[in-house]
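For reference, the chains in residue letters:
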Amino acid sequence: MTAPPVPKLDLAPKRRKPLSLWNPLDYLQLLCWVFFFPQALRWYIETFGEEKGLNVCKTLAEQRQWWQQSPIQRTFWLQGLLLTVFAPIGVAAILDSLGISVNTGDVVLDVVIGVAGGVTVGIAGGVARGVVFGVAVGVELCLAFGVSGDLTDLTEGIATDWAEVALDSVGDVVGDLAYVTTGGVAFGVTLAVTGGVVFGMTLGVAFGMVGGVTLGVTGGVTLGVVGGAVGGVTLGVVGGVVFGVAFGVVGGVAFGVTLGAVGGVTLGVVGGVVFGVVFGVVFGVVFGVAFGVAFGVAVVRPELWVATALSRQLPSSRIRAFSRITAIPLPGLANQILDWLSHDWPQALNNINSLLAYTEQFSPIIGAVSQSLSRQDPDVLVLRVSQLAEEPFDWKLLRYSSASLSNALKEQFVKGFFYLPHSVKRRLLSRSNTRLRTDTPARATAAGFWYLHRHQPSHAARAFSHVRHISHGAEMQQLSHGLALALNAKQLNDSTLAAGLSMPTSSPLLRDQTWSAISQLRSVVDDAQLIYQSYSRTARSLALNRALGTLREIINTADRIPLAERPLIIEIADAWKEKLLAIAAEVGEVTHTQPVANPYVAGDPVEGDLFVGRGEVIKQLEELWLMGNQLQSVVLYGHRRMGKTSILKNLSTSLGNNIQVAYVNLLNLGAVSNDTGEGEVLIAISDAISHTLSISPPKDEDLLNLPSITFRRFIQSISRRFKKGQGLVIALDEFEKIEELIAADILSKDFLGFLRGILQEEANIAFAFAGLHTLEEMTEDYFNPLFASVLPIRVGFFSLGETRQLLANPDEDFTLDYLPDALDEIFRLTAGQPYLTQLLGFQLVRQYNHQVFDLGQDRDSIFTLTDLDTVINHTDFFSNGRYYFTGVWDQAAQDAPGQQDILKVLANEPEGLSASTLRRRTDLSSEEVELALKTLERHDVVSVTEGRWGIIVPLFRQWVSEHQ
């Protein structure tokens, strides 16, 4: 059988227009709200009033402006003021007609107290609360003084004729007390039912009770009259229970009578009886009953509970019957809520929020929610609690879904019990555990979301750790841990913080908007690293502005973040903004008064501080040469103009003083004669070594006449100079020159074998060869001796991060910068090719100086996509880069045939082509196409993706398309 749909509960007031200052019925509406529906006052202000209250105005000028711009609140306050003035007068007239005399001075005092209290509370806590306080205090003080006035007359009568009271029997005294108690309770209940609800009475009568009790205790203890008090207590309790104000009478009578009137009627002491009864019993019972009426009728409202409970049994009432005031759990409400939650969780949550907003039925709501969560399937538990935490009217709903509500109530009762000694309070409080519990998945999840709401993400992470094994549990733990790191961050460029703000791998995400904000915080951390590490002032300034803009966006769009963590993320964003603003002065602004020095090197090797990137290659060489027992020879190979020479020329700065690097560019040999070719090569190497080590080289004639013997002795003498951990790396750049000399019979085919022999003899001597080919490509027999002794290391393209680093921070004095999309586009066009990257940077700086200082244009010092397009489309760009473009093109004419034909076809196909298509378009055989593609791939000219071959560097593809 299909369950009936969960009805939509709407307990909000149905008024559609503001209260009128001149309509008497609106005053009755307001009076009804004050005593029977106080939540409507909050709704009225939220619905019709201004968002900003008077309490936020700090100066008189701001308060005056608020009054002028807030007509709804102004009218509402005036209506409350009028009710505060005239309601006590009306109540006094009613009391007088009932035969209860009220002193005119008391009524005036009521009005003064009500007005003063209403104004005070209205300014401090809002207009609605001021109206409630003012009206309720004025009316209820009037009621209190009316009741206490009659009882005072009774007390005065007893006091003036104490002898007569002393002769009365104990039964007579008890009878009088029962009469007083019964009348007081009945009168209080009657007033409550008719609208005399007493918040103000609670305060006024309570003060009177304290005074009576104190005086009664003093007199009773002094005279030792105990028995009369006991009898008074007994009938006081019975009378209070009879008339339905058990809590008030028990509290009031027990503490007002028992502790107040400690007399000794049983001892028969006439004076003790008189003073014990008069001051202990009479004042204790009177003010105890008054307090009982105030609490039992004004707060608990048992008559409304009875009426609501009865009306809810009627078929027509269904869900409409809800008392707005009584806190006594309505029968069947918890089961009804539980049924709603089991059939339609979202609609049930809406109903729960309505109940929390417009009733006092907190206890059954907590019970139903806790019971429902305990029954949830683990796969949906975190989701259910997440929905519960979206927009709860009262966040304590989350707290007491984990903590014990009954223990919390006991704790509040004990703390408010001012008669108990501190030692007793501590002992009682130690028995009530009110901490959040994580012993079940439901309680742990509720605790986690409560801690997020309370800005305690580290506690939330520990709570969610108990449910990390269920759906979304690990996500919430990671989210809480990241927010904890962000909240407690000392430095924003901390690598631990960056790692902690990483995105989860699971999907779909439960809190996707929160993760979006966390991702933005992670980008701020990335910018902070650039702010702290960049040499460029402009780069730091841009990163700072970008980070501040991201934080501002987080704050401005925070309403999209779930409510539980929203204030926490705003707090984090505000704190981070303050940290960044604190260093803003250090970043500063840059103004260019002269042309910017061009830091980019297009063509020549990059040395010193201009050399950036290549961290992986340098790391490999450091591991080989600094951490091993023997120096390992290597060959650096890769694409033309990839930066191999720059690596060799900058090795010395990375290796320290123990490993020396002697750099030799073999292209500087020039023309080598056939007779003395080996000697000339060894002279060039010896000169580089002597320059590096600051020693004398062998004589030229010795190297020319006996090259192998002379050079071997030179190397051996150098090797003996080194201590343990020291050594020499001989860097031979443009190693293809050796191949050319051997092919031309200028060098012996045994020359490489001679070099290999040196490597085997001297452990602290190594070679670093650099060239376009790997040794495997050098297929001649004379290369084979080096195979077992040399480790190949590929030098490839820059990564995106290295490209950005090279462009944005070429040196510490560079004051220009790039937009992120411009950096990304440069990487796309060059694929990270170092020479082309340097060339574009070089051309951009030239263009900036020309525009600003030659043409006098006013422009930003930040390169954009427009600047990049202007440089690339300039007629000089491809001619300036011809050394690279023609070098790659000419290399494609060597080795395997058909390479250039394939490049011409691919130049007009940005998406690439398959090998079979290339075969048809080039008239090459399958074997020729395969060999040509493999050669081009080995030289980093083309690559294959999903079976389609394409040119790696878009700028080279464009050059081939336009110039070949």
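**Comments concerning the overall build of the chain**
Looking only at helices and strands, one finds 46 helices and nine strands in the chain. The 964 residues of the chain split such that 50% are buried. Considering only intrachain contacts with a sequence separation of at least 6, the fraction spanning at least 24 residues in the chain is 74%. Only carbon and sulfur atoms are counted for the fraction: they give 54% of the accessible area of the chain, which is about 45,100 Å².

**Description of unusual backbone geometry**
Here A831, not a glycine, exhibits a phi torsion of approximately 60 degrees, which is positive. Along the chain, the position of A831 falls in the loop between α38 (820–830) and α39 (834–854). Judged by relative accessible area, A831 falls into the buried class, the value being 18%. In this structure, E946 takes a positive phi of about 55 degrees despite not being glycine. Structurally, the position occupied by E946 is in the loop between β8 (942–945) and β9 (948–951). Residue classification places E946 among the exposed positions, given a relative accessible area of 80%.

**Brief notes about the environment of V845**
Of note, V845 is situated in helix α39. Through-space distance from the C-alpha of V845 to that of L816 is 8.3 Å; in sequence the pair is 29 residues apart. Not counting chain neighbours up to four residues away, the residues in contact with V845 comprise V596, N598, P599, Y600, F814, L816 and F863.

**A look at the pairing of β8**
Looking at chain direction, β8 and β9 are connected through four bridges and run antiparallel. Bridging across to β9, T945 finds its partner in R948. Between β8 and β9, which pair antiparallel and follow one another directly, the connecting turn spans two residues, one of which, E946, has a positive phi of 55 degrees.

**Things to note about the packing of aromatic side chains**
Taken as a whole and assessed by the stated rule, the structure comprises 19 aromatic pairs. With a centroid separation of 6.2 Å and an interplanar angle of 75 degrees, the aromatic rings of F37 and Y358 are classed as edge-to-face. In this pair, F37 is assigned in the loop between α1 (24–36) and α2 (39–48) and Y358 in helix α15 (residues 345–358), connecting sequence segments 321 residues apart. Here F37 matches Y358 in class, with each residue buried. Ring centres of F767 and F769 lie 5.6 Å apart, and the angle between their planes is 5 degrees; this geometry places the pair in the stacked category. Exposure remark for F769: the relative accessible area of 0% places this residue in the buried category. Residue placement shows R324 over the ring face of F37; its charged tip is 4.2 Å from the ring centre.

**Quick word on the pattern of salt bridges**
Scanning the entire structure with this criterion turns up 13 salt bridges. Between E411 and K415 there is a salt bridge; the shortest N-O distance is 3.9 Å. A residue pair is termed a helical-turn pair when its members lie 3 or 4 positions apart in one helix, as E411 and K415 do in helix α19 (residues 405–416) at four residues. Between D867 and R859 there is a salt bridge; the shortest N-O distance is 2.9 Å. Comparing D867 with R859, the two get one shared label, buried.

**Considerations on the confidence of the model for the chain**
Per-residue confidence for the chain averages 75 on the pLDDT scale, and 70% of its residues sit at or above 70. Long-range and interchain partners of residues 143–287, a stretch whose pLDDT sits below 50, account for 224 contacts in this model, where long-range means more than four residues apart.

**Examining the nonpolar core**
Looking at soluble globular proteins, one finds that nonpolar side chains tend to be buried together. In terms of nonpolar packing, the biggest core is built from 100 residues, with F449, W576 and L580 touching the most fellow members. Setting aside chain neighbours within four positions, we find L580 in contact with L492, V524, I531, L544, A547, L548 and L551. Judged by nonpolar contacts, the second largest core, of 72 residues, contains I826, L868, V871 and W889.

**Here's the deal with the sheet that holds strand β1 (residues 633–638)**
Read across the sheet, five strands follow the order β2-β3-β4-β1-β5 without closing on themselves; strand pairing throughout is parallel. Of all the strands in the sheet, the pair left with one neighbour each is β2 (659–665) and β5 (790–795). Between one strand axis and the next, the sheet turns through 20 degrees on average, direction left out of account. Relative to β5, β1 runs parallel, the two sharing six bridges. Its bridge partner being in β5, V634 is matched across the sheet by L791.

**Description of the packing of helix α42 (residues 882–891) against helix α46 (residues 954–963)**
Axis separation between α42 and α46 bottoms out at 11 Å; the angle between their running directions is 80 degrees. Regarding the angle of α42 to α46, the classification is roughly perpendicular. In contact with Y884, F885, T886, V888 and W889 of α42, α46 contributes L955, F956, W959 and V960.

**Let's talk about the environment of V729**
For V729, the position within the fold is in strand β3 (residues 727–733). Look at V729 and you get buried, because its relative accessible area is 0%. In the structure, V729 is positioned 36 residues away from I765 in sequence and 6.0 Å away in space, judged by C-alpha atoms. Beyond its immediate sequence surroundings of up to four residues, V729 is in contact with W625, L631, I659, Q660, V661, A662, A766 and A768.

**Topic: a nonpolar patch on the surface**
Together, L82, F86 and I89 make up a nonpolar patch on the protein surface, roughly 290 Å² of accessible area in all. By the element assignment, F86 lies in helix α4 (residues 71–97). When its relative accessible area of 54% is taken as the criterion, F86 is described as exposed.

**Concerning the side chain of T935**
Position of T935 relative to the elements: it lies in helix α45 (residues 926–938). If we ignore the near neighbours within four places in the chain, the residues touching T935 are D895, A896 and Q899.

**Considering the environment of S879**
Within the secondary structure layout, S879 lies in helix α41 (residues 877–880). The partly exposed category is assigned to S879, whose relative accessible area is 32%. Sequence-wise, S879 and W959 are 80 residues apart; in three dimensions their C-alpha atoms are separated by 9.7 Å.

**Here's the deal with helix α17 (residues 378–388)**
Because each turn of an α-helix spans 3.6 residues, side chains separated by three or four positions end up pointing in the same direction. Along α17, the residues that are buried comprise L381, V382, V385, S386 and L388. Down the axis, α17 shows its buried residues gathered within 165 degrees of arc, on one side only. Of the surrounding secondary structure, the elements contacted by the buried residues of α17 are α15, α16 (362–375), α18 (396–399), α21 (441–453) and α23 (473–487). Two to three positions downstream of the cap, the backbone nitrogen of D379 sits 2.8 Å from a side-chain oxygen, assigning the N-cap of α17 to D377.

**A closer look at the packing of α15 against α16**
Any two packed helices are characterised by the angle at which their axes cross and by the distance between the axes. Contact geometry of α15 with α16 gives a least axis separation of 10 Å together with a crossing angle of 160 degrees. On the basis of their axis angle, the class for α15 and α16 is roughly antiparallel. In the crossing of α15 with α16, the sense of the turn from one axis to the other is left-handed. Contacts from W345, I352, L355 and L356 in α15 reach F362, I365, V369, S372 and L373 in α16. Looking at the contact of α15 with α16 residue by residue, the classes come out as eight nonpolar, one polar and no charged.

Parameters at a glance
Residues numbered from 1 in each chain as written. Predicted model: local features only at pLDDT ≥ 70, side-chain atom pairs only at ≥ 80, totals over all residues. Heavy atoms only, no water. Helix = DSSP H or I, 4+ residues; strand = E, 2+ residues; numbered from the N terminus. Buried < 20%, exposed > 50% of the residue type's maximum accessible area, 1.4 Å probe, protein only. Contact = heavy atoms within 4.5 Å. Areas by Shrake-Rupley, 256 points an atom, 1.4 Å probe, with all protein chains shown as cover. Pairing = 2+ DSSP bridges. Phe/Tyr/Trp six-rings, centres within 6.5 Å; stacked < 30°, edge-to-face > 60°. Lys NZ or Arg CZ within 6 Å of the ring centre and 35° of its normal. Salt bridge = Lys/Arg side-chain N within 4 Å of Asp/Glu carboxyl O. pLDDT = per-residue confidence, 0-100. Core = buried A, V, L, I, M, F, W, Y, C linked by side-chain atoms within 4.5 Å. Axes fitted to C-alpha atoms, helices over the stretch in contact; angles between N-to-C directions. Parallel < 35°, antiparallel > 145°, perpendicular 65-115°, else oblique. Patch = residues over 30% accessible without salt bridge, like charges linked within 9 Å, V, L, I, M, F, W, Y side chains within 5 Å. Arc of directions from axis to C-beta. Polar contact = N/O pair within 3.5 Å; in protein donor to acceptor, adjacent residues only side chain to side chain. Left-handed = near helix turned anticlockwise from the far one by under 90°. Nonpolar A, V, L, I, M, F, W, Y, C, P; charged D, E, K, R; others polar.

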